[in-house]
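Close look at the chain arrangement
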Amino acid sequence: MAQSGASLQNYNNELVKCLQDLKSKRDTVHKEMINEEREKSRVQKQLAELTEQLHRLNESIAIKQQTRNEYDKTIQETEAAYMKILESSQTLLHVLKRESQNLTKKSTPRSNH
């Protein structure tokens, strides 16, 4: 009977030790959960900030793209107008040279042969 009491005591001690072990493991998991919840909150906050930053950047890019397109249009129109001016200048120069030659011919006396 004494032996069965000792065995019961050993089982009891082992059971208590196993329960303490389980509680310790549970506490470790709980602490890990708390840390991960904090990390999750930190990451969610960063994500919200980055999402807002992305939104602002997208808006800024859209505005700048519109501005760039307006510059492109103005440059294209200006270049086209400049080309017309160059063509007109070339035509004017050609006409002026022709008229100058005509005037020179008229003002130079002809010799009769």
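This report concerns the structure included in the present document.

Here is what the cut-offs are and how they apply
The numbers attached to residues start from 1 for each chain and follow its sequence in the written order. Thresholds applied to this predicted model are a pLDDT of at least 70 for local features of residues and 80 or more for the giving and counting of side-chain atom pairs; totals over whole chains, interfaces and linings are not thresholded and use all residues. As a rule here, side-chain values come from all non-hydrogen atoms in the structure, and water together with hydrogens is ignored. Helix and strand definitions follow DSSP, with helices as H or I runs of at least four residues and strands as E runs of at least two, each counted in order from the N terminus. Radius of gyration here is computed from C-alpha atoms only, and the compact-globule reference equals 2.2 Å multiplied by the residue count raised to the power 0.38. Note on classification: 1.4 Å probe, protein chains only; a residue is buried when its accessible area is under 20% of the maximum for its type, exposed when over 50%, partly exposed between these limits. Per-residue accessibility takes into account occlusion by the displayed protein chains alone, with areas from the Shrake-Rupley method and a 1.4 Å probe. Asp and Glu are treated as the negative residues and Lys and Arg as the positive ones, with His and the ends of the chain left uncounted. Charge coordinates come from a single atom per side chain, which is NZ of Lys, CZ of Arg, CG of Asp or CD of Glu. Patch members must show over 30% relative accessible area and no salt bridge, and they are joined within 9 Å when carrying like charges or within 5 Å when they are nonpolar side chains of Val, Leu, Ile, Met, Phe, Trp or Tyr. Here, a salt bridge means any side-chain nitrogen of Lys or Arg that lies within 4 Å of a carboxyl oxygen of Asp or Glu.

Description of the overall build of the chain
- Looking only at helices and strands, the chain has one helix and zero strands in total.
- Since a compact globule built from 113 residues should have a radius of gyration of about 13 Å, the 48 Å found for the chain marks it as more spread out than a globular shape.
- For the chain, the spread of C-alpha atoms along the principal axes amounts to about 165 × 25 × 10 Å.
- Taking all 113 residues of the chain together, 0% fall into the buried category.
- Here the chain displays about 11200 Å² of accessible surface, and carbon together with sulfur accounts for 57% of that area.
- Charge-centre separation for the chain: the mean point of 19 positive side chains lies 9 Å from the mean point of 16 negative side chains.

Section: a nonpolar patch on the surface
- On the surface, Leu15, Leu19 and Leu22 cluster together to form a nonpolar patch covering roughly 300 Å² of accessible area.
- Within the secondary structure, Leu22 is located in helix H1 (residues 2–107).

Observations concerning the pattern of salt bridges
- The tally for this structure, following the rule as stated, stands at three salt bridges.
- One salt bridge in this structure joins Arg42 and Glu39, with 2.4 Å as the shortest N-O distance. Here Arg42 and its partner Glu39 are both found in helix H1, three residues apart, which amounts to about one turn of the helix.
- The class for Arg42 is partly exposed, based on a relative accessible area of 40%.
- Measuring nitrogen to oxygen at the nearest pair gives 3.6 Å for the salt bridge that ties Arg56 to Glu52. Here Arg56 pairs with Glu52, and both are found in helix H1, just four residues apart, close to one helical turn.
- Taking relative accessible area as the criterion, Glu52 reaches 39% and is therefore assigned partly exposed.

Function cannot be inferred from these measures alone, as they are strictly geometric.
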